[in-house]
Every structure is written in C-alpha cells, then in structure tokens.
Amino acid sequence: YGLRVMVGRCGNCAAILAGESTQLDFEDYDSDQDRWSDVVRVYPKPPKTFSSQRIPRLVKDSLNEADRSLQAGAHIAACVMLGRALEALCRDILEESGDSSTASIPKRKLMLGAGIKQLKDKKIIDDRLYDWSQQLQAFRNLAAHPEDIAISRTDAEDLQSFVNAIVDDVYDLADRYQEFKSRVDARSKRRKS
C-alpha cells in the first residue's frame with residue numbers, strides 16, 4: 001500500500017498542519033488510476049469532541065489545556081490538567097448545589113481521591129474506571145509536586161484516553177441513553193394507543 005503525507009497551513013491561525021492519506025487502488029494493477037483515502041489530520045492531533053451540553057466549562061477547559069500540553073510535549077503538565085478535569089467532573093456530579101440552609105457555612109471542596117471513591121460507591125463508575133482513576137490520581141499527584149519525575153508520552157496519552165472515556169461515559173453516553181429510552185417509551189405509548 002502507499003501512504004501519502006501532506007503538509008499545509010491552517011486558514012485561521014496559520015499553524016502548520018500535517019495529514020496522511022492511504023492508497024486504496026493502484027494504477028495499472030487493480031484500477032485505471034491511483035485512488036487515495038480522504039486526508040486525516042495527524043498533527044496537531046484533533047482534540048476530542050463531546051456532544052453533551054452538560055459538560056462544565058471547567059472540565060472542557062482542562063481537557064483542552066491537557067491536549068495543548070500533550071501537543072507541546074509537556075507530559076507532566078498534561079497529567080496535572082487531566083487530574084484537574086477529573087476532579088472538576090467529580091465536583092459537578094457529586095457536590096450538592098443550592099442548599100440554602102447551609103449557605104453561610106463554608107463548604108470544603110471535594111478533592112480528587114474522595115471524588116473518585118464516591119463515584120465508585122454510587123456506581124457512577126465501575127471497578128475498571130475506578131482503577132484507572134486511581135492511576136490518574138497517582139500520576140497527577142506526582143506531576144503536581146516538585147519531584148524529579150518523567151512521564152512518557154504514551155502514559156500521558158493513555159491517561160488522556162481514560163479521562164475522555166469517563167467524560168464520555170458520565171455525560172455523553174448518559175444523555176444518549178436517556179434520549180434512546182425516551183424514543184423507545186414514546187414508541188411503546190403510541191403502539192398502546
């Protein structure tokens with residue numbers, strides 16, 4: 001097979017972009033002419049997008065900052081931002097909002113370790129996601145303190161994939177499931193009518 005690499009500039013910010021295309025058909029072998037797949041951007045890697053409107057700005061901003069850090073090769077900074085994103089998710093999902101009877105009492109913010117334990121205890125995440133969360137917390141804690149550490153790009157990218165997956169599970173898939181259930185229920189009611 002053939003692989004083609006293309007380099008260009010972003011029309012908005014003039015940053016360098018790179019994409020690749022795979023050869024699908026070969027001239028004079030299995031086709032009258034060469035045919036290539038669509039170009040897929042490989043640098044900078046496109047950020048993950050989510051469909052849910054419920055994802056808090058702090059979670060999105062932290063994920064975007066982590067992505068920019070990874071693109072720049074700042075793996076330690078990416079781990080800190082990924083931990084920040086997960087902690088913001090925990091606070092959004094678990095902290096009670098608007099209890100006016102305790103409004104005058106300063107409330108201690110939910111921290112990452114306690115947050116991921118509560119997510120598991122409330123069955124918002126399963127054992128596997130809990131284990132991943134603990135790994136992210138360990139990396140985030142190492143990255144946030146002045147220790148002589150190195151975090152590989154592979155480890156940072158795996159942690160990014162995990163945080164994207166948990167955000168997807170908690171927000172996007174939950175929203176899609178509710179939409180699906182609403183459609184099924186509506187069809188069921190129409191059939192009974």
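Since this is a predicted model, take the numbers as computed values, not measurements. (Residues numbered from 1 in each chain as written. Predicted model: local features only at pLDDT ≥ 70, side-chain atom pairs only at ≥ 80, totals over all residues. Heavy atoms only, no water.)

A.B. asks: Tell me about the pattern of salt bridges, and please be specific about residues and values.
C.D. replies: This structure, assessed with the given rule, holds 9 salt bridges. We note a salt bridge from R35 to D25, for which the minimum N-O separation is 2.6 Å. Taken together, the residues R35 in strand β3 (residues 35-36) and D25 in strand β2 (residues 16-25) connect sequence positions 10 residues apart. The exposure class of R35 is partly exposed, given its relative accessible area of 44%. Taking the relative accessible area as the measure of exposure, D25 reaches 16% and is therefore buried. Note that E157 is salt-bridged to R153, the shortest N-O span being 3.0 Å. Linking E157 with R153, this pair stays in helix α5 (residues 153-192), spanning 4 residues, or about one helical turn. We classify R153 as partly exposed; its relative accessible area is 32%. (Salt bridge = Lys/Arg side-chain N within 4 Å of Asp/Glu carboxyl O. Helix = DSSP H or I, 4+ residues; strand = E, 2+ residues; numbered from the N terminus. Buried < 20%, exposed > 50% of the residue type's maximum accessible area, 1.4 Å probe, protein only.)

A.B. asks: Quick one: what's the story with the pairing of β2, residue by residue and with numbers?
C.D. replies: Here 7 bridges tie strand β1 (residues 3-9) to β2, and the two strands are oriented antiparallel to one another. Opposite V7, over in β2, you have A18 as the bridge partner. A loop of 6 residues connects β1 with β2, the two strands running antiparallel in sequence, and A14 in this loop sits at a positive phi of about 65°. Both β2 and strand β4 (residues 40-43) contribute to a ladder of 3 bridges, which runs antiparallel. The residue of β4 that forms the bridge with A18 is Y43. As defined by bridge partners, β2 adjoins β3 across 2 bridges and the pair is classed as antiparallel. Looking across to β3, one finds that D25 is bridged to R35. (Pairing = 2+ DSSP bridges.)

Functional significance is not addressed by these values, which are geometric in nature.
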